[in-house]
Amino acid sequence: MPLPAEEIQRRLTEFAQKWAAWHGTEKSGAQTFLLQLLACYGTDPADVGAEFEVKVPSGFIDLLWPGVCLIEMKHPDQAKKLTGHYKGQALKYWNEAGSQDRAPAEYVVISSFQRFQVWRPGYTEPETEFDLVELPYRLEALGFLGGLETRFIEDRAELTREAAQLVTTLYGQLNERLTTPDAVRDFVLQAVWCMFAEDLGLLPGRVFSGLVEVLANHPEESSIDVLGQLFHWLNSLSGRPEHGRYSGVPYVDGQLFAAPGVVHLEPSEVALLAQACGYRWNLVEPAIFGSLLEGALGRERQWALGAHYTSEANILQVVGPTIVDPWRRRLAACDTLADVEAALDALAGFRILDPACGSGNFLYVAYRELRRIEAALVERERQLRADAGLPAVARPPVFRLASVHGIELEPFAARLARVTLWMGHALAVHELGLKDEVLPLADLSQIRPGDALRLSWPEVDAIVGNPPYHGSQQIRSELGEQYAEELKALFGIGLKDYAVYWFRKAHERLRAGGGAGFVATNSISQNRNRVPSLEWIAETGGVIVNAVSRQPWPGAAVVNVSIVNWVKQPTEPIAEFVLDGEPVDGITPALRPAGLDVSSAGRLGANAGRAFQGPIPAGAGFILSADEAEELLARSDADYASIVRPYLIGEDIADDPDQAPRRWIIDFAKIPLEEAMKWPAALQIVRKRVKPQRDVANREPNRTFWWQFERPRPEMRSAIAGLSRYIAANAQGKRILFTWQDAVVCPSNLTNVFAFEDDYAMGVLTSRIHGEWARAQSSTLRVDIRYTPTSAFETFPWPAGNRNEVAELAATLIERRQEICADEDIGLTRLYNLVDDGAWQDLGDLHRRLDEAAAAAYGWPRSVAHDPAESNRRLLELNRAISAGELEYDPF
């Protein structure tokens, strides 16, 4: 018998939370992912005849359930390429499986773990496509996994989006037309609550919808009277109307309706409101207010506040480990009546805070989950009392809205958060059959407006949230010079990323045994921000218990984030540590597994002087057009080829089929001015274009040596002097791409330079073993990798084994790579994207063989090349042994 939809939704919510940050390989995660997905629907693959890794002529199907579905998994970075994988691979699998006396699957599912497409073979477009975080509300789109009716309607997620769009549009029109912004905001909040309340039976006879219908049918009437009067009565405790259209209207309270939203709606606005009334608001997620707030603030105000909003699955990555999971463990440990009663008493006193609560979504999810735990404890109490022959007891509500605290800088957002929580209270009562009184609305004055970093925080047991995003370089421009100086004085740690101050204040306010969970940009675990935040927390009794080291954040804020949950001075042993969805022995402040914190690797002396950031010109005037370069090189008064050089940037490496420079630059290196005068035409260009800016530069060397690059990198020049070629790589990008460059090429600061000319060095650098070490070591910029020579190269232990196989494979690989780029007229980025899609399998095979040859050069099993955690563990051991003088190390 199929599971109830509510239970499937609960399981899928936890499933989405667990896998939201996963970014391993397709093969390592596919079967576990699919087993857990089927379990959410109550399906055992063995019971229904579903098989994993089914062999067909062109490959292996990840999961085949004859007559029902075929599921093919792809790596998370393939989320935007699922259609191509369906047409190029999965449809072929479907045809081949159907020819082997199996009933053809009705559906084909392509998934990149965090995204799904569902196809019916024979159709040219997918039936539906959605993200993992939407799955709990799109459960019927995969209904065939659990014997449910399969439907491809957008369900609750789309319903919420559509309702939010209508309300935001109405708000925008009113705000543009009227000059009373407070009245407009009041009206929209009150209207949304009324639509929600009448669908839950809190307003009788669908009074609000009926009044909107009156306005639609009688344009001579005004919403000022018709709806304004309703809002008036909802705020009136006495003199209730016994007759007429407002009879039976309940008293709500003076918080929401203290200032009735009295506005006149034009017919088009009435039509929008009437359309909104047609939605089933009892199914609309309270997260609607995040969308409404974004619309109300506008993009500029939103970014100035650093405010961004979050899906429920992402919220649970914070609320789950810090609040829900500890309470679930306590619930599971309740074996006696005394255990249950003690837990209920503790829950009654439990307090939570979101100090940057926005529209209240973190608080809403936490409140809802704790009410569910409360209901489970009450049911456990009832069972234990019945088993002991004791009479049942009528318990009043245990976890109340008064236990939920919030602070929010934007006053309108604070009011939205209150409405979100009132909706959450009504939904909890409806879902769990609680006996709470929903009306009058509970006092929520503890959700207050203000700057949390300047206010005192209430004493609570758990702090959660998504602090505003501002890099240290943005604070002065976005928040002002005075505010920046106040932060420095208040916290005494200088100017850091804004989130650092929130981590510190949260930790200071926690009591022993209390927990906190925050979302922040992943710079929180890197370099200068980690020391005053996560390392300081660890030094002052904090233990990180659950974290996501890095994952892309959905929405307009195109950034990678880290999610950190910690406990201050734990009063009992930590049950488990989870990092990036996997159990570990512990978590370091760098958000790495304890014992495998590659950021602790020391710089190896023998590696010094081999890798460099390219020169920094600090002046666009040095750069020449092709025509200007040609003109200088044609002059006969001097050898201009020695100072007019091809100029390489990261985009050349990524996009040019030859990875060749497409620009030129005047490079006087470190030569004195009197020598630079030997190239008068080039010097005149620099004097005209560069010197005026250098004359007013803050740095004295820039003013004095105006004809030279700001950072000419003499050490780099010495290292590559005499080489016929050197290795250059882009400094940042989705992939770090290593290429050969002629010695005459001048690299930019957007490239890194490696002083090698042999194929063996190219092979080691190009290998996955080095790539995964660099990924773990390097800082990041938004969603790209940023390769830093000091941390990624100078800490990397090179192999000491046979070089020949690595060198030969590297030479063959580069030759084949260049051949494809030339034939197809594409750059390396395009090439490797196509390789990811399955093209040029011979090149993919060369990379695999090179990776295995590099592992063999270390004396390791070749399988280590495909296990980044294991290769990094072994490299870290080598690094420590070399640093301790236990191993001789002379790699070059």
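A brief look at the structure comes next. (Residues numbered from 1 in each chain as written. Predicted model: local features only at pLDDT ≥ 70, side-chain atom pairs only at ≥ 80, totals over all residues. Heavy atoms only, no water.)

1. So, the overall build of the protein chain
Tallying secondary structure elements over the protein chain gives 32 helices and 26 strands in all. In terms of C-alpha radius of gyration, the protein chain reaches 32 Å, essentially the compact-globule figure of 29 Å for 892 residues. Over its C-alpha atoms, taken along the principal directions, the protein chain stretches across nearly 105 × 70 × 55 Å. Among the 892 residues that make up the protein chain, the fraction classed as buried is 54%. Taking the intrachain contacts of the protein chain between residues at least 6 apart in sequence as the baseline, contacts between residues at least 24 apart amount to 69%. Summed over all atoms, the accessible surface of the protein chain reaches about 37200 Å², with 50% contributed by carbon and sulfur. (Helix = DSSP H or I, 4+ residues; strand = E, 2+ residues; numbered from the N terminus. Rg over C-alpha atoms; globule rule 2.2 N^0.38 Å. Buried < 20%, exposed > 50% of the residue type's maximum accessible area, 1.4 Å probe, protein only. Contact = heavy atoms within 4.5 Å. Areas by Shrake-Rupley, 256 points an atom, 1.4 Å probe, with all protein chains shown as cover.)

2. Digging into the packing of aromatic side chains
Going through the model one piece at a time under the given rule, you end up with 38 aromatic pairs. The ring of phenylalanine 60 has lysine 55 sitting right over it, with the charged end atom 5.4 Å from the ring centre. Over the ring of tryptophan 740 we find arginine 725; its NZ or CZ atom is 3.5 Å from the centre of that ring. (Phe/Tyr/Trp six-rings, centres within 6.5 Å; stacked < 30°, edge-to-face > 60°. Lys NZ or Arg CZ within 6 Å of the ring centre and 35° of its normal.)

3. Let's talk about the pairing of strand β24 (residues 751-754)
Taking every second residue as pointing to the same face, both faces of β24 are buried, with Thr751 and Val753 on one and Asn752 and Phe754 on the other. Sheet topology note: the strand β16 (residues 611-613)/β24 ladder contains 3 bridges and is antiparallel. Note on β24: the bridge partner recorded for phenylalanine 612 is valine 753. The pairing of strand β20 (residues 725-730) with β24 spans 4 bridges and is classified as antiparallel. Following the sheet pairing, isoleucine 727 is matched in β24 by phenylalanine 754. (Pairing = 2+ DSSP bridges.)

4. Examining helix α8 (residues 223-234)
Here α8 is 12 residues long and its end C-alpha atoms lie 15 Å apart, about the 16 Å a rise of 1.5 Å per residue gives. What α8 keeps buried is the set Ser223, Val226, Leu227, Gly228, Leu230, Phe231, Trp233 and Leu234. Summarising the contacts, the buried residues of α8 are in contact with α6 (181-199), α7 (207-217) and α9 (267-277). Between a side-chain oxygen at the N-terminus of α8 and the backbone nitrogen of isoleucine 224 the separation is 3.1 Å; the capping residue is serine 222. (Expected span 1.5 Å × (residues − 1). Polar contact = N/O pair within 3.5 Å; in protein donor to acceptor, adjacent residues only side chain to side chain.)

5. Describing the pattern of salt bridges
The tally for this structure, following the rule as stated, stands at 50 salt bridges. For arginine 206, the salt bridge is made with glutamate 198, and the minimal N-O distance between the two is 3.7 Å. Judged by its relative accessible area of 38%, arginine 206 falls in the partly exposed class. Of the residues examined, glutamate 198 reaches a relative accessible area of 6% and is grouped as buried. With a shortest N-O distance of 2.9 Å, arginine 717 and aspartate 667 are connected by a salt bridge. With arginine 717 in helix α25 (residues 714-720) and aspartate 667 in the loop between β19 (663-666) and α21 (673-676), this pair connects stretches of sequence that are 50 residues apart. Residues arginine 717 and aspartate 667 agree in their burial class; the two are buried. Each of the salt bridges in this network shares a partner with another, and the network as a whole consists of Glu7, Arg10, Arg11, Glu14, Arg328, Arg368, Glu369 and Arg372. (Salt bridge = Lys/Arg side-chain N within 4 Å of Asp/Glu carboxyl O.)

6. Let's talk about helix α1 (residues 5-19)
With 15 residues, α1 should cover 21 Å at 1.5 Å per step; its first-to-last C-alpha distance of 21 Å lies within 8% of that length. Within α1 the residues assigned to the buried category are Ile8, Leu12, Thr13, Phe15, Ala16, Gln17 and Trp19. Looking at the buried positions of α1, the neighbouring elements they touch are α2 (26-40) and α11 (312-332).

7. Some words on the side chain of glutamate 96
By the secondary structure assignment, glutamate 96 is in helix α4 (residues 82-98). Salt bridges are absent for the buried glutamate 96, whose nearest opposite-charge side chain, lysine 92, sits at 5.7 Å. Excluding residues that lie within four positions of it along the chain, glutamate 96 makes contacts with Val56, Pro57 and Ser58. (Lys, Arg positive; Asp, Glu negative; His and termini not counted.)

8. Section: empty space enclosed by the protein
Throughout the structure, instances matching the rule amount to 1 cavity of 30 Å³ or more. Approximately 30 Å³ is the volume found for the largest cavity. The wall of the largest cavity is formed by Leu64, Trp94, Ala97, Gly98, Arg102, Ala103, Pro104 and Ala105. Per element, the largest residue contribution to the lining of the largest cavity is 3 residues, and it comes from α4. Classifying every residue of the lining of the largest cavity by side-chain character gives 6 nonpolar, 1 polar and 1 charged. (1 Å grid on protein atoms, 1.4 Å probe; cavity = no way out; pocket = protein on both sides within 12 Å on 5 of 7 lines; lining within 4 Å. Points joined across faces, edges and corners; volume = space filled by probe spheres on them. Nonpolar A, V, L, I, M, F, W, Y, C, P; charged D, E, K, R; others polar.)

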